[in-house]
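Per-entry structural report
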Amino acid sequence: MVIETEALTKRFRRRTALSECSLSVPRGRVVALVGPNGSGKTTLLRLLAGLSRPTEGRISVFGEEMSMSNTDLRSRVGYLDQDRPLYERWRVREILEFGRRTNPAWDADFAAQHLARLDIDLESLVKNLSGGQRAQVALAVCFAKRPDLVLLDEPASALDPVARQDLLQNITELFADNEASVLMATHAIDDVSAICDYVIILSKSRVVLSEDLDYVLESHRLLSRGVDDGVPVPRGATVLDERRTTREITYLVRLGMPMERDGWRIERPTFNEIAIAYLRDRPRTSSTSSAINHDESSAS
Amino acid sequence: MIWIAWRFQRTVVCTLALLALVIIGITIVLGFAQHHDLAQLMGPPCRGLQVATPGRGDLCGQLTVKLDNAAMFDPYIRVAGLVVAPLVGVMLGALALASEVERRTVRFAWTQSISRTRWFAAKAGLGAFFIVIILVPTALVMSWWNGAIGNTDLFGRATYGIAGWDLVAYGLFIFAVTLLLGAAIRHVGWTLAASAVVFLVVAVTFPSSVRQHLVTPTVQWSQPSDKTQGNSLVYGESESPGFIPANAWVFFSAIAPRSTVGVPTYSQTEVISSKVYACINRYPHKTQSDTNHATNKCYEKYGVENVVVYIPSSQFWTLQLREGLLYLSAGLVLAGGALALVRRIEP
């Protein structure tokens, strides 16, 4: 496992930013960390980057305890902050020099080539760069460090659609070139299915889903049938969300076991639909036999 | 890391160095001019006479006017000398830490493969180095200027701080104060404001409450009869070597019991003084001789003598050394506190 957390909790005075978060992330994956604003994504990434210390619980990266003083471990982790806090009055060349002087495994050729490919002049001042260019410079530093784990906090936020698409494409390419694990926080769900293969959903400071994306897509279904049929939800299915029209009712369910069609119209939901159902965090109902039980157990 | 710390501080360092150079340049030019005019005035033909004298033309009067005109700039130079150290310390201290935390660039720096301790050591170390580079020449020139214009009052409030190496130590101390406040407050504006308050508090309280305790003062006892032999208790007059050496820092001169062990305090002398003066006043004072007689009688009756408590000018550099070491020690402790906070900051 590249990341393992155990009952990880972070409180800022009275506000709980992350609550008893336990998760494991396998190596070599591009992981999406999805959640609405304030759900704890940034807090989790900062804890993983060694910028912050947990209030309670444990956090390990590559099997080692991550802490604010563990410089050796931090050298294996690249971090892109959501604010891209680069030195405004420095030239891009100087930012890369900063990276070279502070990272023993620095790949200068990679950083220069990456920025040259994007037509970013190394003599430009950081303050004169566009949001997209600034993100690319920060990303170049992040990957030129040759990290084994890359943490990206909203890498495509505040970018226009073209810049956003380019950046995500670059991340995919960089991931392929570097063989690093990537954990990318985003509230743009569309980005997830484009480049990620593992997903963690945070809602209200808690982890509500942490699974392989393919498995998530395979284990959820949209079940529809007429409103008046009165047929209960199949056994082993947990209802995450429901939509009603005058004639039809549709459930988004998580399947605990293979189900029979039994008159249901079954469709594959998009990741968007699944993620939104988890993010709404409605009380879930699970069917253990032929009736719907209204327990509020977490589906994840 | 040194390159990074230099790259980060270079604009402010160059600006402060330029400012110090301007102050140094002006001080040197004015100091040379004043020194030259003063030497001329004190030498022949004027020999210290400050007015036009028959046979000497108007040279002496002109020199006096020139010196008076030049002296108008003295307070500005003193203020510049007193302000430059805290200014350099505060600016570099706020830049080194508060600025980075406020702008959140520490999130970038602290996620590279360097420890916070190393990052802090490079920034604080280089900042301290530049403070020394900027303030040592400033202190040397200020100290020279002070002598060049004939100012021998080394312990004066406006002189002491610029006439020795304490100017450098004070700059380093304020730098450490600003580092600590920057690590605690994490906002440049408030850090500057809080540092300015600390600077004012230290500048006001230190000379009056701490400095005088850094060296043991000299206690000079004298009989009242000495006074009648033409000596004077007036501070700073070189023609009164029997009582107080010239340019000493006098804490007080009063009447105290001869049996006092160690350094008498001013409050100790107040009580006995009132009794002795009441005694003297009971005698008739028709002539100076009557007064002397009354004084001697009363001094004898109460077993008191005149006492002067002071720090002689020969102790100036000892005082500077001790005060400077005190500032440096406090600065090191404060910098250690700043490092402890830096290791705990969650940006």
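Cut-offs and rules
Residues numbered from 1 in each chain as written. Chains lettered and ligands numbered in written order. Predicted model: local features only at pLDDT ≥ 70, side-chain atom pairs only at ≥ 80, totals over all residues. Helix = DSSP H or I, 4+ residues; strand = E, 2+ residues; numbered from the N terminus. Buried ≥ 20, exposed ≤ 12 C-beta atoms within 10 Å, placed from the backbone. Contact = placed C-beta atoms within 7 Å. Domains from an automatic or database assignment. Nonpolar A, V, L, I, M, F, W, Y, C, P; charged D, E, K, R; others polar. Pairing = 2+ DSSP bridges. Core = buried A, V, L, I, M, F, W, Y, C linked by C-beta atoms within 7 Å. Axes fitted to C-alpha atoms, helices over the stretch in contact; angles between N-to-C directions. Parallel < 35°, antiparallel > 145°, perpendicular 65-115°, else oblique. Left-handed = near helix turned anticlockwise from the far one by under 90°. Expected span 1.5 Å × (residues − 1). Bend = angle between axes of the 7 residues up to and from the residue.

1. Quick word on the overall build of chain B
Check the secondary structure of chain B and you find 12 helices and three strands. Dimensions of chain B along its principal axes, counting C-alpha atoms only, are 90 × 60 × 25 Å. Among the 347 residues that make up chain B, the fraction classed as buried is 36%. Considering only residue pairs separated by 6 or more positions, chain B has 75% of its internal contacts joining residues 24 or more positions apart.

2. Notes on the domain arrangement of chain B
Residue and element names in this part refer to chain B. Structurally, chain B comprises domain 1 (2–214 + 316–342) and domain 2 (218–315). Taking the mean C-alpha position of each, domain 1 and domain 2 sit 39 Å from one another. Taken together, the contact between domain 1 and domain 2 spans eight residues of the former and eight residues of the latter. Here the residues of the side of domain 1 that touches domain 2 sort into four nonpolar, three polar and one charged.

3. Observations regarding the sheet that holds strand 1 (residues 3–12) of chain A
Backbone-to-backbone hydrogen bonds pair the strands of a sheet. The strands run either parallel or antiparallel. All names here are of chain A. Reading across from one edge, 2-1-4-5 is the order of the four strands in this open sheet, with antiparallel pairing throughout. Each edge of the sheet is formed by a strand with only one pairing partner; in this case those strands are strand 2 (15–25) and strand 5 (64–65). Pairing of strand 1 with strand 4 (residues 56–61) involves five bridges; the strand directions are antiparallel. Bridge pairing links Glu4 to Ser60 in strand 4.

4. Describing the interface of chain A and chain B
Taken together, the contact between chain A and chain B spans 22 residues of the former and 18 residues of the latter. Looking at the side of chain A that touches chain B, the elements that each hand over two or more residues are helix 2 (71–74) and helix 3 (92–102) of chain A. Here the residues of the side of chain A that touches chain B are counted per class, giving nine nonpolar, seven polar and six charged.

5. Section: the nonpolar core
Within soluble globular proteins, side chains that are nonpolar tend to cluster in buried spots. Counting residues in each nonpolar core, the largest one holds 166 residues, and the members touching the most others are A:Val31, A:Leu151 and B:Leu179. Apart from residues no more than four positions distant in its own chain, A:Leu151 is found in contact with A:Leu45, A:Leu48, A:Ala49, A:Val77, A:Gly78, A:Tyr79, A:Leu80 and A:Leu183.

6. Description of the packing of helix 7 (residues 166–185) of chain B against helix 12 (residues 316–342) of chain B
Residues and elements named next belong to chain B. In the contact formed by helix 7 and helix 12, the axes pass within 8 Å of each other and the chain directions differ by 20 degrees. The orientation of helix 7 with respect to helix 12, classified from their angle, is roughly parallel. The crossing of helix 7 and helix 12 is left-handed. Partitioning the contact of helix 7 with helix 12 into residue classes produces 18 nonpolar, four polar and two charged.

7. Some details on helix 10 (residues 266–282) of chain B
Because an α-helix completes one turn every 3.6 residues, residues spaced three or four positions apart along the sequence face the same direction. Taking 1.5 Å of rise per residue, the 17 residues of helix 10 of chain B would be expected to cover 24 Å, and the 25 Å separating its terminal C-alpha atoms lies within 8% of that figure. The principal kink in helix 10 of chain B, of about 25 degrees, is found at B:Ile272.

8. Focus: the sheet that holds strand 8 (residues 181–186) of chain A
Residue and element names in this part refer to chain A. Ordered in space as 6-7-8-3-9-10, the six strands form an open sheet in which the pairing is mixed. Taken across any chain shown, the strands that pair with only one partner, and hence form the sheet edges, are strand 6 (77–80) and strand 10 (206–212). Across the sheet, the mean angle from the axis of one strand to that of its neighbour is 15 degrees, orientation sign disregarded. In the sheet, strand 7 (residues 149–153) pairs with strand 8 via five bridges, with the strands oriented parallel. Within the sheet, the bridge partner assigned to Leu149 lies in strand 8 and is Ser181. Helix-sheet contacts for helix 1 (residues 41–48) involve strand 3 (30–34), strand 7, strand 8 and strand 9 (198–203), and the interaxial angle to strand 7 is about 150 degrees. Its contacts with the sheet put helix 5 (residues 131–144) on strand 6 and strand 7, and the angle it makes with strand 6 is roughly 170 degrees.

9. Things to note about the environment of A:Leu80
All names here are of chain A. Mapping Leu80 onto the fold places it in strand 6. Since 26 C-beta atoms lie within 10 Å of it, Leu80 is described here as buried. Spatially, the C-alpha atom of Leu80 lies 20 Å from that of Ala17, the residues being 63 residues apart in sequence. With sequence-adjacent residues up to four places away left out, Leu80 is seen in contact with Ala138, Leu139, Cys142, Leu151, Leu152, Asp153 and Pro155.

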